[in-house]
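Per-entry structural report
Each chain, written out:
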Amino acid sequence: MLPILAKLFIYGVLFLSLVAALGVVLLPNIFHAALCLVGTLLGIAALYLALQAEFIAVVQVLLYVGAVMTLVIFAIMLTHRIGDMTIPQTNKQSLPACLALFAFVVLIGGLLLKTDWSILVGTGGSVASVNPPVDTFMLGKALLGEYVFPFEVVSVILIAGLIGAIVVARKD
Amino acid sequence: MIFLDQIFVNSKKAILNLASAFLPTDAILIVSALISIGAIAAFGPFTMMYLTWFERKLVGRIQNRIGPNRVGIFGLLQPIADGIKMLTKEDIVPAGADKVVHFLAPVVVVIPALLVFSVVPFGRNMVAIDLNIGLLFFLAVSAMTTIAIFMGSWASRNKFSLLGGMRTVAQLVSYEVPMVLAAVPAILASGSLSTVDIVEAQGGWNGLKWFVFTPWGFVGFLMFYLCGVAECNRTPFDIPEAESEIVAGFHTEYSGMKFALWYMAEFMSVFTISALTATLYLGGYQGPWLPSWAWFMIKTYALVFVMMWFRGTLPRLRVDQMMGLAWKFLLPLTLINILVTGLWYFTSGLGLRLGLSIGILLVSSWVLVLFNRPYMPEKRVYEFAE
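Reference entry: report on the structure contained in this document. (Residues numbered from 1 in each chain as written. Chains lettered and ligands numbered in written order. Predicted model: local features only at pLDDT ≥ 70, side-chain atom pairs only at ≥ 80, totals over all residues. Heavy atoms only, no water.)

1. Remarks on helix H3 (residues 54-78) of chain A
- For H3 of chain A, built from 25 residues, the straight-helix expectation of 36 Å at 1.5 Å per residue is met to within 8% by its first-to-last C-alpha distance of 34 Å.
- At methionine 69 of chain A, H3 of chain A shows its largest bend, some 30°.
- All of the buried residues along H3 of chain A are Ala57, Val58, Gln60, Val61, Leu62, Val65, Gly66, Met69, Thr70, Ile73, Ile76 and Met77 of chain A.
- Taken together, the buried residues of H3 of chain A touch helix H2 (30-50) of chain A together with helix H6 (134-143), helix H7 (145-155) and helix H8 (159-190) of chain B. (Helix = DSSP H or I, 4+ residues; strand = E, 2+ residues; numbered from the N terminus. Expected span 1.5 Å × (residues − 1). Bend = angle between axes of the 7 residues up to and from the residue. Buried < 20%, exposed > 50% of the residue type's maximum accessible area, 1.4 Å probe, protein only. Contact = heavy atoms within 4.5 Å.)

Below, the structure written as structure tokens:
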């Protein structure tokens, strides 16, 4: 009974996050759209949690809901009177855009169905269809051991981006 | 001793044993979760009610008053009277307000404040969920409060509310960074993100090997606690709800039960932040002689007491002072503190360890204070004016 309940629950959460995602693109008020985006991001965090990737889920909440969305809301508030307006989110190009999106979904869906999602486990190359547990400990070891070079490259690129943003934005 | 220590754990087990006689195994899991949820859902609001009483009584004594003393002995029934008053008050929604968001905000703000209770270790074996990323969960979920506060302030369509909301966001975003970094030394020393493991790592010396007794632990404790006070929007960091400047900030337009919900969230986070500080640096439930949950409550309430003491004695900081403290003093010092923790673990010999870490911390904080000295123009001497 429990697995069914858990499945029902997670499908409910995913449905709600899809509704919130629709709200992001359809609501006329930009602040409401931002709040819907928060809902979507929380729904995605719940999806990660259901896939037993707690670390990714919590980091999703910490970074996207805690930091990125706060900055988005800040940007909305600091933009002159944009929070008060109701702006239609569609224009004449919405029909072609929908068609293009549909084509993209078909493409991605085809790829998803073709991919073999089984995961290699063990040294002998034996194929097992179980998910390996994503352990925070293993994740940390991998990031600072085997993948330390890409990790450091990413941090250097991020710092370059930060400094670049300050240099571009500075007026003098 | 062990009987008293495990009394709550054993009573839960007894209820589960009783239930397992006539319920299937799946239902027992649900019942077990429901007992934990019920305990937290009852404990959170109850704590909030009596923290309001405690604060009024304590601030009253600090100001040479008696505080609430009419309802019940020592005013002990005052929170219940307040609750009834809040429930019967008219619920006013401003005409220009965004009705849905205005209603949702106080509801949303209580959720993270209650959720974080689930990873707080109240005593030995007394944690609702022992997540292996418990600390990260706590920090992530408590960061969600910002959005709820901002929802409330924006939906009120009131300039004071909006100003309060902007101040809240600025303050919380600034203090989030040093808060996370100030927690890192405890994680380094215990090698785990789980709150239970962090407490267990402080168990030596007859339950007195708390991190606060090391130099880095002491500095980390002070910084984490300060950032925690700022995260709860409490004096001296109560700029978001400064009564004398912007009426009451984000909850200006709230009345009745919605207002009570804002207060509930604030007081529950006062409790949880104190609990987390106690967990990280004061050894959580570790301690000699007394049962583990008693130690936890003593430490947490001591920290809550200090917060109320701040409220009674310290004036409010200015915005620039507050931002300067976070970015120019706490942030560099937390980074240095992480370094010192690493040094502590890779040097041997008590004298070398103590000397090195205390030396680095003293010198760096002195240098930071020196760099942060406010600009004071030289005193003018009017030579010919006399």
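Having seen it, we continue.
2. Some points on the pattern of salt bridges
All names here are of chain B.
- Taken as a whole and judged by the stated rule, the model has 7 salt bridges over all chains.
- Among the salt bridges present, the one from arginine 234 reaches glutamate 55, with a minimum N-O distance of 2.7 Å. Of this pair, arginine 234 sits in the loop between helix H11 (215-231) and helix H12 (243-246) while glutamate 55 sits in helix H3 (residues 25-62); the two residues are 179 residues apart in sequence, bridging distant segments of the chain.
- Given a relative accessible area of 3%, arginine 234 falls into the buried group. (Salt bridge = Lys/Arg side-chain N within 4 Å of Asp/Glu carboxyl O.)

3. Focus: the environment of leucine 339 of chain B
- Within the secondary structure, leucine 339 of chain B is located in helix H15 (residues 319-346).
- For leucine 339 of chain B and valine 127 of chain B, which are 212 residues apart along the polypeptide, the C-alpha to C-alpha distance reads 31 Å.

4. Brief notes about the packing of H3 of chain A against H7 of chain B
- At a minimum axis separation of 10 Å, H3 of chain A and H7 of chain B run at an interaxial angle of 25°. Put simply, H3 of chain A runs roughly parallel to H7 of chain B. Like other packed secondary-structure pairs, H3 of chain A and H7 of chain B cross with a definite hand, here left-handed. Judged by residue contacts, Val65, Met69, Thr70, Ile73 and Met77 of chain A of H3 of chain A engage Thr146, Ile147, Phe150 and Trp154 of chain B from H7 of chain B.
- Residue composition of the contact of H3 of chain A with H7 of chain B, grouped by class: 7 nonpolar, 2 polar and no charged. (Axes fitted to C-alpha atoms, helices over the stretch in contact; angles between N-to-C directions. Parallel < 35°, antiparallel > 145°, perpendicular 65-115°, else oblique. Left-handed = near helix turned anticlockwise from the far one by under 90°. Nonpolar A, V, L, I, M, F, W, Y, C, P; charged D, E, K, R; others polar.)

5. Regarding the environment of leucine 78 of chain A
All names here are of chain A.
- With respect to the helices and strands, the residue leucine 78 is situated in helix H3.
- According to the relative accessible area criterion, leucine 78 is exposed, its value standing at 58%.
- For the pair formed by leucine 78 and alanine 57, sequence separation is 21 residues and the distance between their alpha carbons is 30 Å.

6. Overview of unusual backbone geometry
All names here are of chain B.
- Phi is positive for asparagine 64, close to 60°, though the residue is something other than glycine.
- Looking at where asparagine 64 falls in the secondary structure, it is placed in the loop between H3 and helix H4 (78-88).
- Residue class for asparagine 64 comes out exposed when judged on its relative accessible area of 68%.
- At asparagine 125, a position not held by glycine, the phi torsion is positive, near 65°.
- Checked against the element boundaries, asparagine 125 lands in the loop between helix H5 (99-115) and H6.

7. Overview of the packing of aromatic side chains
Residue and element names in this part refer to chain B.
- Taken as a whole and judged by the stated rule, the model has 23 aromatic pairs over all chains.
- Relative to phenylalanine 117, the ring of phenylalanine 43 has its centre 6.1 Å away and its plane inclined at 80°; by these criteria the two rings are edge-to-face. Of this pair, phenylalanine 43 sits in helix H3 while phenylalanine 117 sits in the loop between H5 and H6, placing them 74 residues apart in sequence.
- Judged by its relative accessible area of 24%, phenylalanine 43 is partly exposed.
- Aromatic ring contacts, followed pair by pair, group Phe43, Phe117, Phe122, Phe271, Phe296 and Tyr301 into a single cluster. (Phe/Tyr/Trp six-rings, centres within 6.5 Å; stacked < 30°, edge-to-face > 60°.)

8. Quick notes on the nonpolar core
Residues and elements named next belong to chain B.
- Formed by 106 residues in total, the largest nonpolar core has its most connected members in Leu135, Ile147, Tyr175, Phe224, Leu280 and Tyr281.
- Ranked by residues supplied to this core, first place goes to helix H13 (residues 256-281) with 13 residues.
- In this view, leucine 280 contacts Leu135, Ala183, Ala186, Ile198, Gln202, Phe211 and Phe224; residues no more than four positions away in its chain are not counted. (Core = buried A, V, L, I, M, F, W, Y, C linked by side-chain atoms within 4.5 Å.)

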